[in-house]
Amino acid sequence: MALTRSTARRYAEAAFEIAERDDTMEAWLAAMSVAEERLSGSEAVRLLTNPAVPTASRIEILGRLLGTDVAGPAHNLFALMIRRARFELLPAVIREFRRLYARREGIVEATVTSAAPLDETERAALLERLVAMTGSRVEMELQLDPALLGGLQVRLGDVLIDGSARGRLERMRNAFLTSAI
C-alpha cells in the first residue's frame, strides 16, 4: 500500500510540476475531472489495465474514451501509466494532484466524521472554528460513523482531533489502566 501511494504521489508531483511550469493548472484540473468521470467505471478500468489487450490498443481505447476533452500532457500521462502497467493508480494520482493544488492555494482539507448528521448551523459553526484554528480556507468533507457514539473526529492532513465519545471513553480506559499499574 505504501509503495502504491508513493508511486501515485510521484506521478502526481511530476504532473503538478508540469502544470505549474507551463501555467496550465486549470487544463490539468479539467483533464483530471474528465478522466475521473469517464474512466471510473470498473469496465473501463478492467479494459485499460488488462495485459492481454495490446498496449497500443489500450492507449487507442483511452483516446476514444476521453475524446478531445483530454489532450497534450495529461493524455500523455495517462498513456504512460498504461504503458508502465500503473493505470490502476489513476484515482490515487488524481487525489494527490488535487491535494497538491489545494496546498498551493492555501486550502486546508478537513474530513469530519460524526455519529449523526450535522445540520446546517452545526456545519457552519464547525467550518468557522476550523478556519479560525488553521488560519486558512477550509474545504470540509463530512462522513458518518455511528460507532463514534457521539461527538466528532476531525482530520486535518495528518492531524486527528478526536472529540468523539468513543475516543473519550478509550482515553479514560487507558488512564485507568496506566494508573492501576
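My aim in this report is to walk through the structure given alongside it, one point at a time. Being a predicted model, the structure only gives us computed values, none of them experimental.

Between its first and last C-alpha atoms helix α5 (residues 72-83) spans 16 Å; for twelve residues at 1.5 Å apiece the expected length is 16 Å, and the two agree. Among all positions in α5, only A74, H75, L77, F78, A79, M81 and I82 are buried. Just past α5, the residue A85 takes up positive phi, approximately 55°.

With six bridges joining them, strand β3 (residues 151-156) and strand β4 (residues 159-164) adopt antiparallel strand pairing. When the sheet's bridge partners are listed, L152 is paired in β4 with G163. Counting the residues between successive antiparallel strands, the hairpin from β3 to β4 contains two residues, one of them, G157, with a positive phi of roughly 65°.

So, about the side chain of E96. Tracing the chain through its elements places E96 in helix α6 (residues 90-104). Discounting residues that sit within four places of it in the chain, E96 has contacts with R9 and A12.

Moving on, we get to the packing of aromatic side chains. Overall, the coordinates contain two aromatic pairs when judged by the stated rule. Taking the centre distance of 5.9 Å and the plane angle of 25° together, the rings of W28 and F97 count as stacked. Residue W28 is located in helix α2 (residues 25-39), and its partner F97 is located in helix α6; the two are separated by 69 residues in the primary sequence. F97 carries the same exposure label as W28, and that label is buried. An aromatic cluster is built from F16, W28 and F97, whose rings are joined through pairwise contacts.

Looking now at α2. With 15 residues, α2 should cover 21 Å at 1.5 Å per step; its first-to-last C-alpha distance of 21 Å lies within 8% of that length. Of the positions making up α2, those classed as buried are M25, W28, L29, A31, M32, V34, A35 and L39.

Taken together, four strands build an open sheet; the order of strands is β2-β1-β3-β4 and the sheet is mixed. The open sheet is flanked by β2 (137-144) and β4, the only strands paired with a single partner. With strand direction ignored, the average angle separating the axes of adjacent strands in the sheet is 20°. One ladder, built from eight bridges, connects strand β1 (residues 107-114) with β2; its direction is parallel. Bridge pairing links T113 to Q143 in β2.

A word on the pattern of salt bridges. Where charged atoms from two side chains of opposite charge come close, those side chains can pair. Within this structure, the stated rule accounts for 13 salt bridges. Across the pair R21 and D22 runs a salt bridge whose closest N-O atoms are separated by 2.8 Å. The class for R21 is exposed, based on a relative accessible area of 62%. Classification of D22 by relative accessible area gives partly exposed; the value is 34%. When salt bridges with common partners are traced through the structure, they connect R9, E96 and R99 into a single cluster.

Rules of the game
Residues numbered from 1 in each chain as written. Predicted model: local features only at pLDDT ≥ 70, side-chain atom pairs only at ≥ 80, totals over all residues. Heavy atoms only, no water. Helix = DSSP H or I, 4+ residues; strand = E, 2+ residues; numbered from the N terminus. Expected span 1.5 Å × (residues − 1). Buried < 20%, exposed > 50% of the residue type's maximum accessible area, 1.4 Å probe, protein only. Pairing = 2+ DSSP bridges. Contact = heavy atoms within 4.5 Å. Phe/Tyr/Trp six-rings, centres within 6.5 Å; stacked < 30°, edge-to-face > 60°. Axes fitted to C-alpha atoms, helices over the stretch in contact; angles between N-to-C directions. Salt bridge = Lys/Arg side-chain N within 4 Å of Asp/Glu carboxyl O.

It is worth stressing that arrangement in space is one thing and function is another; only the former is reported here.
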